[in-house]
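In case you want the letters, here they are:
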Amino acid sequence: MTTPLGEVLDGRRAAEFRKAARALLKEPLLLAHGAYTDEFRLVRQHASELRDWFDRNTGWSLRVDAEAARLRKTPGSLADPTHPAREASRARSPFTRRRYVLLCLALAALERGEAQIALGRLAEQVVLDAADPHLAAAGVEFTLERRDERLDLAAVVRLLLRYGVLRRVAGDEEAYVSGAGDVLYDVERRVLAGLLAARHGPSLIGAEDFGTRLAELTAETALESEELRFRTIRQKLTRRLLDDPVLYYDELTDEELVYLTRQRAFITARIGELTGLVPEVRAEGIAMVDPLDDLTDVRMPEQGTHGHVTLLLAEHLVAAGGEVTRGKLEERVRELAAEHGGFWSKSAKQPGSEAELVDQALSRLTALGLAARTPGGVVPLPALARYAVGETRVVEPGAPASRASRTSQRKAHAS
């Protein structure tokens with residue numbers, strides 16, 4: 001029996017809508033030209049429905065024009081430092097404080113500049129702006145005369161190239177870093193204008209300490225009714241379920257926990273309809289699991305030496321059941337190298353490599369909500385129990401869960 005054409009078309013439209021939503025969650029800034037052209041086309045086609053869904057359920061605004069689609073994501077939690085901006089290279093090194101400052105200074109210079117700019121000219125503007133007394137008082141100083149400073153500026157520019165804020169016309173960044181040449185860029189002003197995702201302009205924020213400034217940048221408007229307050233709670237919970245690897249109940253306020261307990265089925269069903277994510281619910285919290293495993297910037301387990309070490313240390317932390325010191329973790333890596341070194345890269349077996357291997361593993365485990373750093377070392381979080389060896393766990397219907405890889409791509413998008 002053949003399926004009616006109307007049902008086929010409805011099914012195709014639903015599949016396209018889901019693909020467009022997933023594309024925005026993975027890449028909140030999509031360009032009309034580049035690696036995500038097809039996804040951009042779908043987002044533009046379904047822009048009205050997507051804009052309505054995100055506004056109603058998350059409070060995120062969506063702007064779509066002929067050049068770009070920008071989902072202005074703000075994280076559900078402002079205290080998570082585990083998803084930094086990363087260099088647009090194979091090394092994917094996380095941005096340092098200096099690179100973040102350079103990024104802000106570069107964006108300010110581009111906003112004031114012309115439709116084209118040379119990297120050398122951009123560097124001059126950054127050096128001038130860096131002379132601001134407030135930056136000097138904060139210990140920020142740039143001359144861009146040293147190679148390491150020029151490397152940092154080149155990393156910032158490559159990130160802006162990836163976002164589509166800049167388009168390279170001639171030259172390359174390596175020539176600038178070595179002092180052998182310059183680079184010319186087109187500035188995509190509409191993309192630049194949509195990059196900032198804040199509810200309030202930074203120039204309007206009077207607070208001085210970082211935490212308060214960040215809170216004021218993303219603060220909701222005053223809520224005058226119970227209905228608006230509940231809507232705000234629902235949006236925050238939805239943002240966290242979409243954006244965080246695991247939502248633990250003990251991270252919520254009493255009011256948020258009560259609301260989630262009553263509305264869990266509704267909220268997770270809405271997310272599932274949009275994205276195809278599946279709720280895994282256990283006693284400690286909820287994770288929205290991605291069966292396709294492509295809505296994440298960090299995976300677990302991962303192939304290669306670092307992935308293997310991370311998985312083995314995860315098993316070790318689960319077995320420990322409590323805080324483990326950094327020294328004990330490095331000692332465990334040395335033991336693992338003797339046992340599994342035949343499968344590891346040569347560099348991972350060198351004396352002294354334990355510190356880097358532990359750093360890599362902890363960065364992945366904390367980013368996925370599987371472990372937390374402490375002054376004395378690291379402690380396993382409940383979601384890490386899924387990596388226990390030889391353990392059989394029974395999940396009762398309706399009870400909450402955790403997971404290892406899923407949806408994210410958030411702070412790497414200057415959101």
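Residues numbered from 1 in each chain as written. Predicted model: local features only at pLDDT ≥ 70, side-chain atom pairs only at ≥ 80, totals over all residues. Heavy atoms only, no water.

Engineer: Got a minute to help me understand the overall build of the protein in this structure?
Structural biologist: A tally of helices and strands in the protein yields 15 helices and 12 strands. For a compact globule of 415 residues, the expected C-alpha radius of gyration is about 22 Å, and the protein comes in at 23 Å, within 12% of that figure. With respect to the principal axes defined by its C-alpha atoms, the protein has extents near 60 × 60 × 50 Å. Sequence separation of at least 24 residues holds for 65% of the intrachain contacts in the protein that already meet a minimum separation of 6. When the accessible surface of the protein is split by element, carbon and sulfur atoms take 53% of a total near 21,000 Å². (Helix = DSSP H or I, 4+ residues; strand = E, 2+ residues; numbered from the N terminus. Rg over C-alpha atoms; globule rule 2.2 N^0.38 Å. Contact = heavy atoms within 4.5 Å. Areas by Shrake-Rupley, 256 points an atom, 1.4 Å probe, with all protein chains shown as cover.)

Engineer: Can you walk me through the side chain of R364 in this structure?
Structural biologist: Relative to the elements of secondary structure, R364 occurs in helix α15 (residues 354–367). Taking relative accessible area as the criterion, R364 reaches 18% and is therefore assigned buried. Residues contacting R364, with those up to four places away along its chain left out, are V298, R299, M300, E302 and T310. (Buried < 20%, exposed > 50% of the residue type's maximum accessible area, 1.4 Å probe, protein only.)

Engineer: Sorry if this is basic, but what is going on with the nonpolar core here?
Structural biologist: Nonpolar side chains in soluble globular proteins generally cluster together in the buried interior. Counting 39 residues, the largest nonpolar core has L110, L119, L122, L160, V165, L166 and Y176 as its most contacted members. Sorting the residues of this core by element identifies β1 (29–31), α4 (97–112), α5 (119–130), α7 (147–163), α8 (173–178), β6 (184–187) and α9 (189–193) as the ones contributing at least two each. Ranked by the residues each element gives to this core, the list is headed by α7, at eight residues. Among all residues touching V165, those that are not within four sequence positions of it are L110, L160, D186, V187, E188, V191, L192 and L195. With 37 residues, the next largest nonpolar core counts L24, L42, I267 and L277 among its residues. (Core = buried A, V, L, I, M, F, W, Y, C linked by side-chain atoms within 4.5 Å.)

Engineer: Sorry if this is basic, but what is going on with the pattern of salt bridges here?
Structural biologist: Side-chain pairs of opposite charge can arise where the charged atoms are in close proximity. Under the criterion given, the structure shown has 29 salt bridges. Across the salt bridge formed by R99 and D152, the nearest N and O atoms sit 2.7 Å from each other. Within this pair, whereas R99 is found in helix α4, its partner D152 is found in helix α7, the two being separated by 53 residues in sequence. For R99, a relative accessible area of 11% gives the class buried. The partner of E330 in a salt bridge is R326, with the nearest N and O atoms 3.1 Å apart. Of this pair, E330 and R326 both sit in helix α14 (residues 326–340), four residues apart, which is roughly one turn of the helix. Each of the salt bridges in this network shares a partner with another, and the network as a whole consists of E87, R98, R99, R146, D148, E149 and D152. (Salt bridge = Lys/Arg side-chain N within 4 Å of Asp/Glu carboxyl O.)

Engineer: I keep staring at the sheet that holds strand β10 (residues 324–325) and nothing clicks. Help me out?
Structural biologist: The strands that make up a sheet are held in pairs by hydrogen bonds between backbone atoms, and each pair lies either parallel or antiparallel. Taken in spatial order, the three strands line up as β10-β12-β11 in an open sheet, and their pairing is antiparallel. At either end of the open sheet lies a strand with only one pairing partner, and these are β10 and β11 (371–374). Pairing geometry for β10 and strand β12 (residues 377–380), over two bridges, is antiparallel. The residue bridging T325 from the neighbouring strand is G377, located in β12. (Pairing = 2+ DSSP bridges.)

Engineer: Honestly, the sheet that holds strand β9 (residues 285–289) in this entry has me stumped. Any pointers?
Structural biologist: The sheet built from three strands is open, its strands ordered β7-β9-β8 with antiparallel pairing. Only two strands of the sheet have a single partner each, and these edge strands are β7 (247–248) and β8 (278–281). Bridge count for β8 against β9 is four bridges, and the pairing is antiparallel. Within β9, the residue paired with V281 across the bridge is I286. Contacting β7, β8 and β9, helix α12 (residues 254–275) runs over the sheet at an angle of about 5° to β9. (Axes fitted to C-alpha atoms, helices over the stretch in contact; angles between N-to-C directions.)

Engineer: Which parts of the structure should I look at to understand the environment of Y163?
Structural biologist: If you trace the backbone, Y163 turns up in helix α7. In sequence terms Y163 and L217 are 54 residues apart; their C-alpha atoms lie 22 Å from each other.

Engineer: Before we go on, may I ask you to explain the pairing of β9 in this structure?
Structural biologist: Consecutive residues of a regular strand have side chains that alternate between opposite faces of the sheet. Most of β9 is tucked away: four of the five residues are buried. Of the pairings in the sheet, the one linking β7 to β9 comprises two bridges and is antiparallel in character. When the bridges of β9 are listed, L247 appears paired with I286.

Engineer: In this structure, what is going on with the environment of R332? I would like to understand it.
Structural biologist: Mapped onto the fold, R332 is located in helix α14. For the pair formed by R332 and L312, sequence separation is 20 residues and the distance between their alpha carbons is 9.4 Å. Once you skip the residues sitting within four places of it in the chain, R332 turns out to touch L313 and H316.

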